[in-house]
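Okay, here's what each chain looks like letter by letter:
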Amino acid sequence: MSVTMLPAVPSPAECARVGLTFDRTVPRQLVHRASVHEVFLTDGVQVAADRFLVGAQWPRHHAFYRPDTAGRCDFMLLAETVRQAGIFLIHRYRNVPLDHHFVFKSLSLDIDDLTALRVGGTPLGAVLDVSITGTGAPDARRFDARLDVTVEVDGRPCAQGSVAVLVVDARRYGILRRRGQDTTPVPSASPATTLTAPVIAGRPRADVLLRTSTNGDPTTWLLHADPGHPGYFEHPSDHVPGMVLLEAFRQAGHLAAGRDAVLTSMSSGFESFGELSRPVTIRAADHSAGALHLTAVQGERTLARADVRFTRA
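Computed from a predicted model, the values in this text were never measured in an experiment.

In terms of helices and strands, the protein chain carries four helices and twelve strands. Within the protein chain, buried positions represent 49% of all 313 residues. Considering only intrachain contacts with a sequence separation of at least 6, the fraction spanning at least 24 residues in the protein chain is 66%. Accessible surface, the protein chain: about 15,300 Å² in total, of which carbon and sulfur atoms supply 54%.

This model, assessed by the stated rule, comprises six aromatic pairs. When the ring of Phe 52 is compared with that of Tyr 93, the centres are 5.0 Å apart and the planes differ by 40 degrees; the resulting orientation is tilted. One end of the pair, Phe 52, is in strand β2 (residues 51-58); the other, Tyr 93, is in helix α2 (residues 75-94), with 41 residues separating them in the sequence. For Phe 52, a relative accessible area of 0% translates into the label buried.

This part is about unusual backbone geometry. Positive phi values are uncommon outside glycine, yet Asn 95 reaches one of about 55 degrees. With respect to the helices and strands, the residue Asn 95 is situated in the loop between α2 and β3 (101-111). Taking the relative accessible area as the measure of exposure, Asn 95 reaches 57% and is therefore exposed. Unusually for a residue other than glycine, Asp 154 sits at a positive phi of about 55 degrees. As for its placement among the helices and strands, Asp 154 is situated in the loop between β5 (142-153) and β6 (156-168). Owing to a relative accessible area of 69%, Asp 154 belongs among the exposed residues under this scheme.

This part covers helix α4 (residues 242-257). The end-to-end C-alpha distance of α4, which contains 16 residues, comes to 22 Å, matching closely the 22 Å that a straight helix rising 1.5 Å per residue would cover. Across the 16 residues that make up α4, a large majority, 13, are buried. Remark: Gly 258 follows α4 within two positions and exhibits a positive phi of approximately 115 degrees.

A separate point is the state of the cysteines. Under the criterion given, the structure shown has zero disulfides. Counting only cysteine sulfurs, Cys 73 is the nearest neighbor of Cys 158, a cysteine outside any disulfide, at a range of 8.6 Å. Overall, Cys 158 belongs to the buried group, its relative accessible area being 0%.

Counting 78 residues, the largest nonpolar core has Trp 58, Ile 90, Leu 128, Val 151, Leu 223, Phe 249 and Ile 282 as its most contacted members. The contact partners of Val 151, leaving out residues within four places of it in the chain, are Trp 58, Val 82, Ala 126, Val 127, Leu 128, Arg 156, Pro 157, Cys 158 and Ala 159. Within the second largest apolar cluster, six residues are counted, among which are Ala 16, Leu 20, Val 47 and Leu 53.

Definitions and limits used
Residues numbered from 1 in each chain as written. Predicted model: local features only at pLDDT ≥ 70, side-chain atom pairs only at ≥ 80, totals over all residues. Heavy atoms only, no water. Helix = DSSP H or I, 4+ residues; strand = E, 2+ residues; numbered from the N terminus. Buried < 20%, exposed > 50% of the residue type's maximum accessible area, 1.4 Å probe, protein only. Contact = heavy atoms within 4.5 Å. Areas by Shrake-Rupley, 256 points an atom, 1.4 Å probe, with all protein chains shown as cover. Phe/Tyr/Trp six-rings, centres within 6.5 Å; stacked < 30°, edge-to-face > 60°. Expected span 1.5 Å × (residues − 1). Disulfide = S-S within 2.5 Å. Core = buried A, V, L, I, M, F, W, Y, C linked by side-chain atoms within 4.5 Å.

Here it is as structure tokens:
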């Protein structure tokens, strides 16, 4: 007696994945970008109540996010894509108004498969599988959300990440900003002091965010965040952007880990707003199991922390 095998029924996620498009970007307002060129998401679809798939396309060469010497995607390009996915999904599928402010509390990213990120003759297409948990009403004055993300390239999971964000209306954001401002006097800098940018592999001098410390400590740098920089300040900001601090951490990690090291893991948390008019110090210290612990400090306040891990190329 023969048994007839019925064809497998595709899951909702498989059906949604087939339907994702990669031929245009999502509206730039939905990822808080001023330039269409800086939008990396192409589409999104809801799979279940709290699960979504997001399409993304990464350029072969970007003015700011460049492949490494082995031709692999920039780590921070993946981190920015995860950040954009969080903003996009909360706006589109949680109906948060466009005038609300997103205050990021943490962002982590771990790359498992570096070979999947090698750039070839065409731009890489990626799919982000995202789960969202949240508290509060999205259309109210406050909404807390966490997003857990798996990044796939050519159907291969290659990285995992997560984002925690607080979404507030303009009034509550103003309260948070005033409460978090540092008003202590700023010591005047010596006009004779010249701070130089260290050489960082793969980064032109104009993109180096670090300056040598005045005390000569090789594990301490001063942040140089130029509000006129078209990449770091793609649109105006009233504080030091979180992605600027993460890029400074990446650069400090490269200086501490060595020229041939490849960043594969970053787990970061944000604690305070950084004021653009006040100096920020970046510090690196050895951490357990070969990781580096990095902090961004402004006066007596810690702005952000991160544990990073590098792999030898």
